[in-house]
Amino acid sequence: AAAVTVTGTGVGTVIIDVTIEDADGCKSTAQHNITVNPIPTAAIGGAASLTICDAGMLSLDGVPGFVAPATSITTHAWTLTPGTGAGNLSATNLEDPTFTATAPGTVTVTYQVTDNNGCMSTVASKTITVTPLPTSGPITGTNSICHGATTTLNGNPAGGSGTFTGGSSAHAWT
């Protein structure tokens, strides 16, 4: 065959020899060196599961890595795939973009890098859960009381997630 396909299965230098022999038995040999470079790494830092409130912003943490002989990461590539939720990325070509939620549900972000040798990492991905905002009100209760008397008001919470009694999901009256 006049051409051959070579797949780099190990990192390092591979020496390829080709010997051509014609019908008269005359031979010629050529040699070609191929450097097989390691692939860079890409990860998305932070917690294993990411949760954000609708309309909220979340800083994404791209964690690139390269292995010598590469000396740098030249391309950062983020993609956003809406599931049941939606959002936007501040940029798709930065190491640490910001995600802004625009609808409740789930969204998947992926991150991939390319090093200065042109080698691409595998794709890292995470799912972001966008929770709906709770609503408060209308506030119900007595509109007029006498000095020294008490009344009970109800904030009528709805939506959101979890319960509205105590802890981080408590009512805040001011």
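Residues numbered from 1 in each chain as written. Predicted model: local features only at pLDDT ≥ 70, side-chain atom pairs only at ≥ 80, totals over all residues. Heavy atoms only, no water.

**Q** How would you sum up the sheet that holds strand β7 (residues 73-82)? Please name residues and give values.
**A** Pairing between sheet strands relies on hydrogen bonds along the backbone, with the strands arranged either parallel or antiparallel. With mixed pairing, the four strands of this open sheet are ordered in space as β4-β11-β10-β7. At either margin of the open sheet sits one strand with a lone partner, and together these are β4 (50-53) and β7. The average undirected angle you get between the axes of adjacent strands in this sheet is 25 degrees. Sheet topology places strand β10 (residues 105-115) next to strand β11 (residues 124-131); seven bridges connect them, and they run antiparallel. (Pairing = 2+ DSSP bridges. Helix = DSSP H or I, 4+ residues; strand = E, 2+ residues; numbered from the N terminus. Axes fitted to C-alpha atoms, helices over the stretch in contact; angles between N-to-C directions.)

**Q** Any chance you could break down the environment of threonine 102 for me, citing the residues and the numbers?
**A** Relative to the helices and strands, threonine 102 is located in strand β9 (residues 98-103). Residues threonine 102 and proline 40, 62 residues apart in the sequence, show an inter-C-alpha distance of 32 Å. The residues contacting threonine 102, other than those within four sequence positions of it, are Asp54, Ala86, Gly87 and Asn88. A polar atom in the side chain of threonine 102 sits 3.3 Å from the backbone nitrogen of glycine 87. (Contact = heavy atoms within 4.5 Å. Polar contact = N/O pair within 3.5 Å; in protein donor to acceptor, adjacent residues only side chain to side chain.)

**Q** Give me the lowdown on the environment of leucine 89, citing residues and values where you can.
**A** Here leucine 89 is to be found in strand β8 (residues 86-89). By relative accessible area, which is 17% here, leucine 89 ends up buried. In this structure the C-alpha to C-alpha distance between leucine 89 and threonine 100, which are eleven residues apart in sequence, comes to 6.5 Å. (Buried < 20%, exposed > 50% of the residue type's maximum accessible area, 1.4 Å probe, protein only.)

**Q** Can you tell me about the nonpolar core, naming the residues and giving the values?
**A** Counting 18 residues, the largest nonpolar core has Ile52, Leu58, Leu60, Trp78, Phe99 and Ile128 as the members making the most contacts within it. The greatest single-element share of this core, amounting to four residues, is contributed by β10. Setting aside chain neighbours within four positions, we find tryptophan 78 in contact with Ile44, Leu60, Asp61, Gly62, Leu89, Thr92, Leu94, Glu95, Pro97, Val109, Thr110 and Tyr111. (Core = buried A, V, L, I, M, F, W, Y, C linked by side-chain atoms within 4.5 Å.)

**Q** I'd like to hear about the environment of aspartate 22, residue by residue, with values.
**A** Structurally, aspartate 22 is set in the loop between β1 (12-21) and β2 (27-36). Within the structure, aspartate 22 has its side chain in polar contact with the backbone nitrogen of cysteine 26 (distance 2.9 Å).

**Q** Could you give an account of the sheet that holds β8, with specific residues and numbers?
**A** Here three strands make up an open sheet; going across it, the order is β5-β9-β8 and the pairing antiparallel. Lying at the two open borders of the sheet, with one neighbouring strand each, are β5 (57-59) and β8. Each adjacent strand pair in this sheet contributes to an overall mean axis angle of 25 degrees, direction not counted. Examined bridge by bridge, β8 and β9 share four bridges and lie antiparallel to one another. Residue pairing for β9: leucine 89 is matched across the bridge by phenylalanine 99.

**Q** How would you explain the side chain of threonine 114 if you had to name every residue and give the values?
**A** Within the fold, threonine 114 resides in strand β10. Leaving out residues up to four positions away in the same chain, threonine 114 has contacts with Ile73, Thr74, Thr75, Cys119 and Met120.

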